[in-house]
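# Structural features, examined
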Amino acid sequence: CSSDLNFHAWVHRMFIRSRLRAVRPDEALEAALEPLREDLRVSTDCIEADFANYSAWHLRSTLLPRCTADSEVESVLRREIEWLRQAYYTDPSVESTWIYHSWLLCGSVSWTWRCEPQ
């Protein structure tokens, strides 16, 4: 990761991209998702460079719900948890990974945005 942007910069970047999408509403869904997937790849690179990069973990937590198809939720969740396990083995004292872990399992996820209300 060439630069460690803070999450405020990521949020601003995502806001600008959402405004651009509003200008081009006829854009196909797949094309609209590509910038988000690009940001997800950037978050992966930043985290692989430094597991303690809270901003990259935070970015990831905002992008996954938007980029993950219903059919992929379980496999993505398993992959993310395995990646966290690797981070714990590398340095269990890194708080960023524990915060992300909490988000994955019981925070804004449990992937509730995909579940129907009961």
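Keep in mind the model is a prediction, meaning the values are calculated, not measured.

### With respect to the layout of surface pockets
One number sums up the size of the largest pocket: a volume of about 150 Å³. Lining of the largest pocket is provided by Arg37, Leu40, Thr44, Arg60, Leu64, Cys67, Thr68, Glu72, Val76, Arg79, Glu80 and Trp83. Those elements that place two or more of their residues in the lining of the largest pocket are α2 (29-49), α3 (54-67) and α4 (73-90). Residues that form the lining of the largest pocket fall into these classes: five nonpolar, two polar and five charged.

### Thoughts on the side chain of Glu80
Take Glu80: it is sitting in helix α4. Exposure remark for Glu80: the relative accessible area of 0% places this residue in the buried category. A polar atom in the side chain of Glu80 sits 2.8 Å from the side chain of Arg60. The residues contacting Glu80, other than those within four sequence positions of it, are Arg60, Leu64, Tyr100 and Leu104.

### Let's talk about the packing of aromatic side chains
Tallied over the entire structure, the rule returns four aromatic pairs. With a centroid separation of 5.3 Å and an interplanar angle of 50°, the aromatic rings of Trp57 and Trp83 are classed as tilted. Of this pair, Trp57 sits in helix α3 while Trp83 sits in helix α4, and the two are 26 residues apart along the sequence. The pair formed by Trp57 and Trp83 is uniform in burial state, with each residue classed as buried. Relative to Tyr100, the ring of Trp57 has its centre 4.7 Å away and its plane inclined at 40°; by these criteria the two rings are tilted. Of this pair, Trp57 sits in helix α3 while Tyr100 sits in helix α5 (residues 95-106); the two residues are 43 residues apart in sequence, bridging distant segments of the chain. Considered together, Trp57 and Tyr100 belong to a single accessibility category, that of buried residues. Ring-pair connections join several aromatic residues into one group, and the members of that group are Trp57, Trp83, Tyr100 and Trp103.

### Some thoughts on the packing of α4 against α5
Axes are the key here: two packed helices are described by the angle between their axes and the distance separating the axes. Where α4 contacts α5, the two axes come as close as 10 Å, and the packing angle between them is 155°. Judged on the interaxial angle alone, α5 and α4 are roughly antiparallel. Along this stretch, α4 crosses α5, giving a crossing that reads as left-handed. Across the interface between the two elements, Leu77, Glu80, Ile81, Leu84, Ala87 and Tyr88 from α4 touch Thr97, Trp98, Tyr100, His101, Leu104 and Leu105 from α5. For the contact of α4 with α5, the residue count by class is nine nonpolar, two polar and one charged.

Cut-offs used in this document
Residues numbered from 1 in each chain as written. Predicted model: local features only at pLDDT ≥ 70, side-chain atom pairs only at ≥ 80, totals over all residues. Heavy atoms only, no water. 1 Å grid on protein atoms, 1.4 Å probe; cavity = no way out; pocket = protein on both sides within 12 Å on 5 of 7 lines; lining within 4 Å. Points joined across faces, edges and corners; volume = space filled by probe spheres on them. Helix = DSSP H or I, 4+ residues; strand = E, 2+ residues; numbered from the N terminus. Nonpolar A, V, L, I, M, F, W, Y, C, P; charged D, E, K, R; others polar. Buried < 20%, exposed > 50% of the residue type's maximum accessible area, 1.4 Å probe, protein only. Polar contact = N/O pair within 3.5 Å; in protein donor to acceptor, adjacent residues only side chain to side chain. Contact = heavy atoms within 4.5 Å. Phe/Tyr/Trp six-rings, centres within 6.5 Å; stacked < 30°, edge-to-face > 60°. Axes fitted to C-alpha atoms, helices over the stretch in contact; angles between N-to-C directions. Parallel < 35°, antiparallel > 145°, perpendicular 65-115°, else oblique. Left-handed = near helix turned anticlockwise from the far one by under 90°.

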